Amino acid sequence: MRNEQRLRTRTPESRAFAQRVNLAMSLSARLNALPFDDLDARKAVLTEIFGGPVPESLSILPPFHCDYGLGATFGERVFINQGCFFLDYGGITIGDRVMIGPRVTLSTAGHPVEVGERYDFITHAPIVIEDDVWIGAAVTVTPGVTIGHGSVVGAGAVVAKDVPPLSVVTATSIVERKRLKPS
C-alpha cells in the first residue's frame, strides 16, 4: 500500500494503541445504545470518540463503529449513514460536503502480506476523501487511497487505488465509467 507505515506489535506503543482501541470500541457501543433522537448525547459521545470537537454540521447515523477515533477528521456538512465502520489508526480525512452511504468501511490498517511478518506488525496508511464526494452503500476503501473531489463511488465497490477527481467508479475492481465536468 502507498504511504504504508508499520507499528511493531508487543511494544509499549502497540499496547497504547490496543488500549485506545478498547476505549473507542466501548464509546462506539455507548453511542449505538443511545436513543436515536438524543442528539446532544450523541454529539457528546462523538466528541469523546474523536478526541475533540466535531463540526456542528457533522451527521453520523448509528449504528457506527470506530476502532481508534483519534485519526479521523471531518469537514463541514459531512453525512455518514447507518452501519459504517471506520478503522482510522492510519488517519481518515474527510472533506466538506461528503456523503457516505450505509455499511461503508474505511480501513486504514492491516497486517503485512508476508506470513512471517503478519503477527509482528500492524500496517497503516491514510485515507483521504476530498470535498463533494459521494460514496455509495457497502463500499470498502483500503489503506492509502485518495478519492478525488467531486467523485462518486458506486455501491459495493472495493477501492484499492486512487480515484481521480470528478470520476464515477463502480465494481470491485474500480472501473472508471466517466469523468465529470468541473462545476
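Residues numbered from 1 in each chain as written. Predicted model: local features only at pLDDT ≥ 70, side-chain atom pairs only at ≥ 80, totals over all residues. Heavy atoms only, no water.

If you check an unreviewed UniProt entry, the protein chain appears there as Acetyltransferase from Actinoplanes ianthinogenes. For the record of the protein chain, the UniProt heading Sequence similarities (unreviewed entry) holds the text "Belongs to the transferase hexapeptide repeat family." (UniProt positions renumbered as here; feature names shortened; annotations may be inferred.)

S.K.: Tell me about the state of the cysteines, residues and numbers included.
M.R.: Under the defined criterion, the tally for this structure stands at 0 disulfides. Here Cys-66 stays unpaired: no disulfide links it, and the sulfur of Cys-84, its closest cysteine neighbor, is 11 Å away. With relative accessibility at 0%, the residue Cys-84 sits in the buried group. (Disulfide = S-S within 2.5 Å. Buried < 20%, exposed > 50% of the residue type's maximum accessible area, 1.4 Å probe, protein only.)

S.K.: Help me get a handle on helix α1 (residues 12-33), residues and values and all.
M.R.: Over its 22 residues, α1 extends 32 Å from the first C-alpha to the last, a length consistent with the 32 Å expected when each residue adds 1.5 Å. The inward-facing, buried residues of α1 abut β1 (5-8), α2 (39-49), β3 (64-66) and β11 (121-124). (Helix = DSSP H or I, 4+ residues; strand = E, 2+ residues; numbered from the N terminus. Expected span 1.5 Å × (residues − 1). Contact = heavy atoms within 4.5 Å.)

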